[in-house]
Amino acid sequence: MPWIHRINRLYRMEKEGFYRILIPPSLFRRFRIDPVTLCDEQGEKAARFFCPQGDRTSLIEVKLPDNEDPIFSFQLTDAADLTQVEWDFLVVNDPAAPKFNTNVDEEGRDTLFGWASRNISEEVRAVEAGLYPGQIRKGLGITRELVFTLDFFCKILDVKSVRLEALFYHNAVTYEKHGFSYFSGYAQMKRIHELFQPGEKLHRKLDGSTPFRKPEFANTVRGRSWAIHDGVLMEIEDQVLEEGWVSPVMYRMVESPRSMVTFPNPIF
């Protein structure tokens, strides 16, 4: 039986005991959350677990009572391979940082991280503030810590690997730094790096025609990610990139992680 499905069959206290391992410890210290009761200083529950019996998915969320957005939201799902789990998504928000409504368009509809529709005015504010595509607030810099806690969780269960899809370009490069390799998308990522070099097709597209296409964006992960989000891949002819951006599928071996690097010495 797959592990998430098996854990979800346990009593509430037992399965929450497993899943609290996945909460990065720095969040308890930073936001003064009791790691035993999972309550804040006012005694309000700050961590929630969505893991109903019979389900193959678990969502772990840390949310402060006076904030509308969670500071940490992480979902795992059982994979078809019983020795693997799927990292579905990770959302991290700094509650002290300004919010940019890139997640809803002008008519209040969910943009689905900018893939269903876009809120250009809010995205312009976000890019100028130093955010990455898909963010509504700056993050907390806890990806490395989460990978460590996920490794520990996987070792307890004898899970051998973690699989995910990198929604944005910057996600893929970030995961490379943390020992992820590619199931698919490696050729795409390599080609993108090549074409952002001086004189190449993507580099020439960064002509300042939109706030997401500044010439200096060719040199950074964040800048490239915004340009790709703005559709620059669809405006060039290239056999490898003819479908535009396709989210790479990546994996990490828990005991022996091995990075496949497409952006050497990246500047974020």
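Model, not experiment: these values are computed from the prediction. (Residues numbered from 1 in each chain as written. Predicted model: local features only at pLDDT ≥ 70, side-chain atom pairs only at ≥ 80, totals over all residues. Heavy atoms only, no water.)

Help me understand the overall build of the protein chain, please; the structure alone is not making it clear to me.
Scanning the protein chain from N- to C-terminus turns up nine helices and seven strands. For 268 residues, the compact-globule estimate of 2.2 N^0.38 gives 18 Å, and the protein chain sits close to it at 20 Å. Taken along its principal axes, the extent of the C-alpha atoms in the protein chain is 60 × 40 × 30 Å. Taken across its 268 residues, the protein chain has 50% of its residues classed as buried. Excluding contacts between residues fewer than 6 apart, the proportion of contacts in the protein chain whose partners are at least 24 apart in sequence is 64%. (Helix = DSSP H or I, 4+ residues; strand = E, 2+ residues; numbered from the N terminus. Rg over C-alpha atoms; globule rule 2.2 N^0.38 Å. Buried < 20%, exposed > 50% of the residue type's maximum accessible area, 1.4 Å probe, protein only. Contact = heavy atoms within 4.5 Å.)

Looking at this model, I keep getting lost on unusual backbone geometry. Mind explaining?
The phi dihedral of Arg-32 falls on the positive side, at around 55°, and the residue is not glycine. In this structure, Arg-32 sits in the loop between helix H3 (25–30) and strand S1 (47–50). Overall, the relative accessible area of 57% leaves Arg-32 in the exposed class. With a phi close to 50°, Asn-265 is a non-glycine residue in the positive phi region.

How do you make sense of the environment of Met-253 when you look at a structure like this?
Here Met-253 shows up in strand S7 (residues 249–253). Between the alpha carbons of Met-253 and Arg-213 there is a distance of 36 Å; along the sequence they are 40 residues apart. Here Met-253 is in contact with Lys-160 and Ser-161, once residues within four sequence places are set aside.

Sorry if this is basic, but what is going on with the packing of helix H4 (residues 120–128) against helix H9 (residues 221–229) here?
A pair of packed helices is captured by two measures, namely the crossing angle of their axes and the spacing between those axes. For the pair H4 and H9, interaxial distance at closest approach is 12 Å and the crossing angle is 170°. It follows from the interaxial angle that H4 and H9 lie roughly antiparallel. Here Glu-123, Ala-126 and Val-127 of H4 come into contact with H9, specifically with Arg-222, Trp-226 and His-229. (Axes fitted to C-alpha atoms, helices over the stretch in contact; angles between N-to-C directions. Parallel < 35°, antiparallel > 145°, perpendicular 65-115°, else oblique.)

When you look at the pattern of salt bridges in this model, what are you seeing that I'm missing?
Between side chains of opposite charge, a pair can form when the charged atoms approach closely. Applying the stated criterion across every chain, the model contains 21 salt bridges. Of the charged contacts, one joins Asp-238 and Arg-191 as a salt bridge, the two residues approaching to 2.8 Å between their closest N and O atoms. Here Asp-238, found in the loop between H9 and S7, pairs with Arg-191, found in helix H7 (residues 186–195); they are 47 residues apart in sequence, far enough to count as distant. One network of salt bridges, with partners in common, ties together Arg-118, Glu-123, Lys-205, Arg-213, Asp-230 and Glu-235. (Salt bridge = Lys/Arg side-chain N within 4 Å of Asp/Glu carboxyl O.)

Any chance you could explain the side chain of Thr-102 here in plain terms?
Tracing the backbone through its elements, the reader meets Thr-102 in the loop between strand S4 (84–92) and H4. Judged by relative accessible area, which is 7%, Thr-102 ranks as buried. A polar contact is formed between the side chain of Thr-102 and the backbone oxygen of Gln-135, at a distance of 2.9 Å. Not counting residues within four places of it along the chain, the set of residues in contact with Thr-102 comprises Thr-111, Glu-122, Glu-123, Ala-126, Gln-135 and Ile-136. (Polar contact = N/O pair within 3.5 Å; in protein donor to acceptor, adjacent residues only side chain to side chain.)

Mind showing me how you'd approach the nonpolar core here?
Generally speaking, nonpolar side chains in soluble globular proteins are found buried as a group. If you look at the biggest cluster of nonpolar residues, it comprises 68 residues, and the most contacted ones within it are Phe-72 and Trp-87. Per-element accounting of this core gives the leading share, six residues, to helix H5 (residues 143–157). The residues touching Trp-87, leaving out its near neighbours within four places in the chain, are Phe-74, Gln-75, Leu-76, Leu-146, Val-147, Leu-150, Val-162, Arg-163, Leu-164, Tyr-175 and Phe-180. (Core = buried A, V, L, I, M, F, W, Y, C linked by side-chain atoms within 4.5 Å.)

Explain the environment of Gly-108 here, please?
Structurally, the position occupied by Gly-108 is in the loop between S4 and H4. On the basis of relative accessibility, which here comes to 53%, the residue Gly-108 falls in the exposed class.

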